[in-house]
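Summary of the model geometry
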Amino acid sequence: MIEYERFILANGLRVLVHEDHSTPMAVVNVMYDVGARDENPEKTGFAHLFEHLMFGGSVNIPEYDDPLQMAGGENNAYTTNDLTNYYIQLPAENLETAFNHPAKKRLLKKQGGNKAGKQIILNYPSCKVF
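First, a word on scope: everything that follows refers to the structure included in this document.

Criteria and cut-off values
- Sequence positions are assigned chain by chain, starting from 1 and proceeding in written order.
- Only residues with pLDDT of at least 70 get local features here, since the model is predicted, and only at 80 or more are side-chain atom pairs given and counted; chain-wide, interface and lining totals rely on the full set of residues.
- As a convention, hydrogens and water are excluded, and side-chain values are obtained from all of the structure's heavy atoms.
- Numbering of helices and strands runs from the N terminus; a helix is a DSSP stretch of H or I covering at least four residues, while a strand is a stretch of E covering at least two.
- Burial here depends on accessible area, computed with a 1.4 Å probe over protein chains only, as a share of the maximum for the residue type. Under 20% is buried, over 50% is exposed, and the range in between is partly exposed.
- Here a residue-residue contact requires only that any non-hydrogen atoms of the pair lie within 4.5 Å.
- For accessible areas, the Shrake-Rupley method is used with a probe of radius 1.4 Å. Any residue's cover is judged against the shown protein chains and nothing else.
- For two strands to be treated as a pair, DSSP must find at least two bridges joining them.
- N or O atoms within 3.5 Å of each other form a polar contact, as long as, within protein, one can give a hydrogen and the other can take it, and as long as residues adjacent in sequence are counted only when both atoms are side-chain atoms.
- Geometry of aromatic contacts follows a simple scheme: Phe, Tyr and Trp rings, the Trp one being its six-membered ring, pair when their centres are within 6.5 Å, and the pair is stacked under 30 degrees between planes, edge-to-face over 60, tilted otherwise.

All right, on to the overall build of the chain then. Looking only at helices and strands, one finds four helices and five strands in the chain. Along the chain direction, N to C, the helices and strands of the chain fall in the order β-β-β-α-α-β-β-α-α. The buried share among the 130 residues of the chain stands at 30%. Relative to all contacts within the chain whose residues are 6 or more apart in sequence, the contacts with residues 24 or more apart total 64%. Accessible surface, the chain: about 9200 Å² in total, of which carbon and sulfur atoms supply 55%.

And the structure:
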C-alpha cells in the first residue's frame, strides 16, 4: 500500500501528499471536480475547452510552459467525465515552481482567448460547443 498524508486546507482544498525519496523527480497534480458530466448535453465540450484555455498565457505568466521548462519540468492535462487534472513533473529541488505556477496562472487571464485551443476542441466529432 502506498503511504500518504491527507488534509484539508481552510479554503476547502483537499491535499494528498506522498513522498518518494527514491527518485529526484516530483509530480504535482491539481484536480478539479468538474468534467464532461457537468455539461449541458446540448452544448458539450466546455470542460475540455477550458482545460485548453488554461494553457494560454496570463498577465503573470505570459508563456505557460516557459517557467516549468526553465525549472527542468513538463506539464499536461486531461479531462474525463468526472474531473479535470493538470499535472506538472519536474526535479524535486524545483518543487516550489510547481506549487506557484498554477496559482499565478489562475489569477488573471489575457484578453483575446485561445484560438488554437478552440480549434482543437472543434475538431472533436462529438463537440457541440459552438
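Now for the pairing of strand 4 (residues 74–79). As paired elements, strand 4 and strand 5 (residues 84–91) share six bridges and run antiparallel to each other. Paired with A77 across the bridge in strand 5 is Y86. Turn length for the strand 4-strand 5 hairpin, with the two strands adjacent in sequence and antiparallel, is four residues.

Turning next to the environment of S22. Residue position: S22 is located in the loop between strand 2 (14–17) and strand 3 (25–32). With relative accessibility at 66%, the residue S22 sits in the exposed group. Only 2.5 Å separates the side chain of S22 from the side chain of D20, close enough to count as a polar contact.

A few words now on the pairing of strand 5. Of all the eight residues making up strand 5, six are buried; the element is thus mostly covered by neighbouring parts of the structure. The pairing of strand 3 with strand 5 spans eight bridges and is classified as antiparallel. Across the sheet, residue N29 finds its bridge partner in strand 5, namely Y87.

Let us now look at the packing of aromatic side chains. Per the counting criterion, the structure on display carries three aromatic pairs. The interplanar angle of 85° and the centroid separation of 5.9 Å between the aromatic rings of Y32 and Y86 together place this pair among those described as edge-to-face. Residue Y32 is located in strand 3, and its partner Y86 is located in strand 5; the two are separated by 54 residues in the primary sequence. Ring geometry for Y78 and Y87: centres 6.3 Å apart, planes at 50°, overall tilted. Relative accessible area serves as the criterion here: at 36%, Y78 is assigned to the partly exposed category. Overall, Y87 belongs to the partly exposed group, its relative accessible area being 30%.

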